[in-house]
Amino acid sequence: EAQVTQNPRYLITVTGKKLTVTCSQNMNHEYMSWYRQDPGLGLRQIYYSMNVEVTDKGDVPEGYKVSRKEKRNFPLILESPSPNQTSLYFCASSYLPTGKNGYTFGSGTRLTVV
Amino acid sequence: GENVEQHPSTLSVQEGDSAVIKCTYSDSASNYFPWYKQELGKRPQLIIDIRSNVGEKKDQRIAVTLNKTAKHFSLHITETQPEDSAVYFCAVFSSGSARQLTFGSGTQLTVLP
């Protein structure tokens, strides 16, 4: 089954404790992206990747890192999480940056930083 | 970067009525405009899209219209049903240097039985 797998689904952590949210897709998509969803703000792009070893900042990259060492994986790293990073995070992938035929989203990760 | 504004933020309609959600954008180089639907607790899913060389597109009860001159596009849902209740996001793809999909802030649509 074609899918984007995100883990974990839920995570509660403390300020400053490094964490990684994993994202893996099995569709051979070149384009992958991370979004955060906050009430009233919609989906805001954090980072995106056009292909292996090619990553770029989105609209809200501060406090986040990503890597794309393999085509299928695109982990999101929070080196020192802070409470303002409490949010719902989605990974998405597509053949093209436009998402023609749609982005395939992961099931989401609800992160709480206390 | 691109600025996408979406209105209204909440919309309640009676079952069977029509619903219209509007979005405006700022970058005249934008050329692709999809709409996503997110049901409660689920991931967003593409429901319809339109390219800049087309003015209108329909798929059963949903349609999207685009006015490139005015830089706005709209989602129209006719004969609404309770299962249409969800959050709807418009999005805009800019073909400039950023090459990214920018989403609107979302509209919570509630269809009242």
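Numbering of residues begins from 1 in every chain and follows the order in which that chain's sequence is written. For naming, the first written chain is A and the first written ligand is 1, with later ones following in the order written. Under the rules for a predicted model, residues below a pLDDT of 70 receive no local features and side-chain atom pairs below 80 are neither given nor counted, while totals for whole chains, interfaces and linings still include all residues. To obtain the side-chain values, all non-hydrogen atoms of the structure were included, while hydrogens and water were left out.

Caption draft 1: Region of interest: the side chain of Gln45(A). Numbering of helices and strands runs from the N terminus; a helix is a DSSP stretch of H or I covering at least four residues, while a strand is a stretch of E covering at least two. In this fold, Gln45(A) is placed in strand E5 (residues 42–51). Polar contacts involving the side chain of Gln45(A) include one to the side chain of Tyr31(A), which spans 3.1 Å. Polar side-chain contacts of Gln45(A) include one of 2.8 Å to the side chain of Ser33(A). Residues count as neighbours in contact if any of their non-hydrogen atoms are within 4.5 Å of one another. Those residues within four positions of Gln45(A) in sequence are excluded, and the remaining contacts are Tyr31(A), Ser33(A), Trp34(A), Tyr35(A), Gly58(A), Asp59(A), Val60(A) and Gln100(B). Here a polar contact is taken to be a pair of N or O atoms separated by no more than 3.5 Å, where protein atoms must pair a possible hydrogen donor with a possible acceptor and residues adjacent in sequence count only if both atoms sit in side chains.

Caption draft 2: Structural detail: the state of the cysteines. Residues and elements named next belong to chain B. We call a pair of cysteine sulfur atoms a disulfide when they lie within 2.5 Å. Going through the model one piece at a time under the given rule, you end up with 2 disulfides over all chains. With its sulfur 2.0 Å from that of its partner, Cys23 forms a disulfide with Cys90. Its S-S torsion of about -95° marks the bond between Cys23 and Cys90 as left-handed, since a negative value means left-handed. Remark: Cys90 occurs in strand E9 (residues 86–94) and Cys23 occurs in strand E3 (residues 19–25); sequence separation between them is 67 residues. Per-residue accessibility, obtained with a 1.4 Å probe over protein chains only, is compared with the maximum for each type, and a residue is labelled buried under 20%, exposed over 50%, and partly exposed between these values. On the accessibility criterion, Cys23 (0% relative accessible area) is buried.

Caption draft 3: Inspection of the sheet that holds strand E1 (residues 4–7) of chain B at higher detail. All names here are of chain B. Strands are treated as partners if at least two bridges between them are detected by DSSP. An order of E1-E3-E8-E7-E6 is seen for the 5 strands of this open sheet, with the pairing classed as antiparallel. Lying at the two open borders of the sheet, with one neighbouring strand each, are E1 and strand E6 (56–59). Direction aside, neighbouring strands of the sheet carry axes that sit 15° apart on average. As judged from the 6 bridges shared by strand E7 (residues 62–67) and strand E8 (residues 72–77), these two strands associate in the antiparallel manner. Bridge assignment links Ala63 to a residue of E8, and that residue is His76. A fitted line through C-alpha atoms serves as each axis, taken over the contacting stretch for helices, and the angle formed by two N-to-C directions is quoted from 0 to 180°.

Caption draft 4: Structural view of the pairing of strand E2 (residues 10–14) of chain B. Residues and elements named next belong to chain B. Residue alternation in E2 divides its side chains into a buried set, Leu11 and Val13, and an unburied set, Thr10, Ser12 and Gln14. As paired strands, E2 and strand E11 (residues 107–112) are joined by 5 bridges and run parallel to one another. The partner of Leu11 across the bridge, within E11, is Leu109.

Caption draft 5: Focus on the interface of chain A and chain B. Between chain A and chain B, the contact holds 24 residues from the first and 19 residues from the second. Buried area between chain A and chain B, both sides added, is near 1,700 Å², and the carbon and sulfur share of it is 53%. By definition, a salt bridge exists where a carboxyl oxygen of Asp or Glu is found within 4 Å of a side-chain nitrogen of Lys or Arg. In this structure, the connection of chain A to chain B is made through 0 salt bridges. Put simply, chain A and chain B have 4 residue pairs in polar contact (both at pLDDT 80 or more) between them. By buried area we mean how much accessible surface two parts lose on assembly, using a 1.4 Å probe and totalling the loss over both.

Caption draft 6: Focus on the sheet that holds strand E1 (residues 4–7) of chain A. All names here are of chain A. Pairing within the open sheet is antiparallel, and its 4 strands lie in the order E1-E3-E8-E7. The sheet is open, and its two borders are formed by E1 and strand E7 (65–66), each paired with just one other strand. When E1 meets strand E3 (residues 19–25), the two strands line up antiparallel, connected through 4 bridges. Residue pairing across strands places Asn7 opposite Thr22, the latter belonging to E3.

Geometric values such as these leave the question of function open.
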